[in-house]
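Fold and geometry: a report
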Amino acid sequence: MTAAPAATGGHASHGGGRGDGPRHVAIIMDGNGRWAQRKGLPRVAGHRAGAEAVRKTLQAAADAGVEVLTIYAFSSENWRRSAEEVSDLKGLMRFYLERELATLEKERVQLRIIGDYRAFGPELSARLEKAVERTRTNTRLTLVIALNYGSRAEIAAACRSLATEARDGKIDPSAIDEEVVGRALQTSDWPELDLLIRTSGEQRLSNFLLWQAAYAELLFVDTLWPDFDEAAFNAALASYAARHRRFGGR
Ligand code: FPP
């Protein structure tokens, strides 16, 4: 990589935080349905196993000194799934929050949400907000869950807010550069995305962190998400480190 990456926000910088590993890793957790189908199980069983994989991956990320782990749990396109599956995913989220909040606290993990999570209704929204509030001062690792998230919608919202500021005379349009746009995104609190992993062999970004992935290393692995674990995460980190050794310089 030759050009210096544009900052996404105030603390933006690549790598080099707590070691040579990535500071910010994002994952498109794909393959729950196929995992379940191969085992002759209902799709929800795949999502349940996927939630277990989240637990293992979070632990591996914390142990490796990753600062931010962003996971795509529900895209704005996922509403097209059956009402039953959407309801299963909501139920799983509720269950995960209930069961894992103590672990997040114990492991000093801060929980944050990106995306329009309020579309999941007042009850789940309140639970999410409570978990975010309860973990607000934790600093070991930040777990960002993308819920009802779509990158183009995020960028459009940033454009709207900057246009409003310009109209109101709060910002000079000529001052709107990449850094200003980055700061208007929902990810503005976190370092640049270093590594984006997608499981299950699919090689698409699916409207996830399009702006943020501009300089990220992309890693596509064949593992179905429910089979992803500490070893798979560490292998991804090793692959990232090898690329850095080869292309170095940032
Ligand atoms: C993609 O697999 C996965 C999802 C759409 C949901 C991801 C949700 C979880 C991993 C569990 C809940 C998350 C948390 C944080 C508790 P897919 O269903 O598209 O798989 P397929 O492509 O094989 O059908």
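Look up: the structure comes first, before these words.
It should be emphasised that the depicted structure is a prediction, and the values quoted were computed from it without experimental measurement.

To continue, consider the overall build of the protein. When helices and strands are tallied, the protein shows 7 helices and 6 strands. The N-to-C order of helical and strand elements in the protein reads β-α-α-β-α-β-α-β-α-α-β-β-α. Against the 2.2 N^0.38 benchmark of 18 Å for 250 residues, the protein shows a C-alpha radius of gyration of 18 Å, consistent with a compact globule. Once the C-alpha set of the protein is aligned to its principal axes, its extents read approximately 55 × 45 × 35 Å. For the protein, buried positions account for 48% of its 250 residues. Looking at the protein alone, contacts between residues at least 24 apart form 79% of all its contacts between residues at least 6 apart. By element, 50% of the accessible surface of the protein is carried by carbon and sulfur atoms, the whole surface being about 12100 Å². Charged side chains of the protein number 34 positive and 33 negative; the gap between the two group centres comes to 3 Å.

Between its first and last C-alpha atoms helix α4 (residues 122–134) spans 18 Å; for 13 residues at 1.5 Å apiece the expected length is 18 Å, and the two agree. Those residues of α4 not exposed but buried are Leu124, Ser125, Leu128 and Ala131. Looking straight down α4, one finds that the buried residues subtend no more than 130 degrees of arc, so they occupy a single side.

Analysis parameters
- Residues numbered from 1 in each chain as written.
- Predicted model: local features only at pLDDT ≥ 70, side-chain atom pairs only at ≥ 80, totals over all residues.
- Heavy atoms only, no water.
- Helix = DSSP H or I, 4+ residues; strand = E, 2+ residues; numbered from the N terminus.
- Rg over C-alpha atoms; globule rule 2.2 N^0.38 Å.
- Buried < 20%, exposed > 50% of the residue type's maximum accessible area, 1.4 Å probe, protein only.
- Contact = heavy atoms within 4.5 Å.
- Areas by Shrake-Rupley, 256 points an atom, 1.4 Å probe, with all protein chains shown as cover.
- Lys, Arg positive; Asp, Glu negative; His and termini not counted.
- Charge placed at Lys NZ, Arg CZ, Asp CG, Glu CD.
- Expected span 1.5 Å × (residues − 1).
- Arc of directions from axis to C-beta.

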